[in-house]
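# Overview (structure and organization)
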Amino acid sequence: SYSTDPGSTPGDAFNFDQINITSNDAMVNSGFDVRDMFGGEFGSIIPGQSIFFDDPGNADAYQVSFTTNSSVTLPGYSLYLDEGGGSRQVTRFQLFAGGNLVSDVPILTSGSYATTYGSRFIVVSDAFTPVTATQFQAVFYGANTASGNGPRIIELDAAAPAPEPATFGLLALGGFGVLFLARRR
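Here the structure is a predicted model, which means the values were calculated and not measured. (Residues numbered from 1 in each chain as written. Predicted model: local features only at pLDDT ≥ 70, side-chain atom pairs only at ≥ 80, totals over all residues. Heavy atoms only, no water.)

Another aspect to go through is the overall build of the protein chain. From N to C terminus, the protein chain includes 2 helices and 7 strands. Tracing the protein chain from N to C terminus, the helices and strands come up as β-β-β-β-β-α-β-β-α. Counting over 185 residues, the protein chain shows a buried share of 42%. Taking as baseline every contact in the protein chain between residues at least 6 positions apart, the subset at least 24 positions apart corresponds to 74%. Accessible surface, the protein chain: about 9,400 Å² in total, of which carbon and sulfur atoms supply 54%. (Helix = DSSP H or I, 4+ residues; strand = E, 2+ residues; numbered from the N terminus. Buried < 20%, exposed > 50% of the residue type's maximum accessible area, 1.4 Å probe, protein only. Contact = heavy atoms within 4.5 Å. Areas by Shrake-Rupley, 256 points an atom, 1.4 Å probe, with all protein chains shown as cover.)

Below, the structure written as structure tokens:
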């Protein structure tokens, strides 16, 4: 669990300065900014958090479509959520890359995140076969509460791709070479 926005994450291809928002469902009001879910702190009400528009009685999907400045090879992600006191839960998260569904994760809730997970803040992560794209869509499904409060998103981070085994081999070979030269002297 966590208590604050993790902020801009080094190496995260989904940081606000590396993406362009192409469309998104409305924020609760002008005090929230969708860029905040990508490590920004632009909103004036709760900087670092994005809260979607309330839609009473519906379990609508709330979406954010965005492009990256260059191709991203994505092997997974971490999604930071805040239930907002039980009324702003996400019950399912989907991530599309290049128009293809790459992750579909149900988020279990039993009354509230705090009841199910022991904290109102949770981190949802998923890993999958790496996919390379420049167009992405994040879809959040609300909890369909009577108040219909939209989801509260803290941050969506792109996981950095793990180096290939050949890269580790080259690093090891280079390290042994430096040690060999140092020993010769």
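Still to come is the rest of the account.
Let's shift gears to the side chain of aspartate 36. Along the chain, aspartate 36 turns up in the loop between strand 1 (19-24) and strand 2 (50-51). Despite its burial, aspartate 36 pairs with no opposite charge, the nearest such side chain being arginine 35 at 6.1 Å. Within the local environment of aspartate 36, its side chain forms a polar contact with the backbone nitrogen of glutamate 41, the two atoms lying 3.4 Å apart. (Lys, Arg positive; Asp, Glu negative; His and termini not counted. Salt bridge = Lys/Arg side-chain N within 4 Å of Asp/Glu carboxyl O. Polar contact = N/O pair within 3.5 Å; in protein donor to acceptor, adjacent residues only side chain to side chain.)

This next bit is on the pairing of strand 6 (residues 121-142). In the case of a regular strand, side chains alternate between the two sheet surfaces. Relative to strand 6, strand 3 (residues 61-82) is paired through 17 bridges, and the arrangement is antiparallel. From the neighbouring strand, valine 64 faces strand 6, where its bridge partner is alanine 138. Note: strand 4 (residues 90-97) against strand 6, 7 bridges, orientation antiparallel. Among the inter-strand pairings, arginine 92 is bridged to a residue of strand 6, identified as tyrosine 141. (Pairing = 2+ DSSP bridges.)

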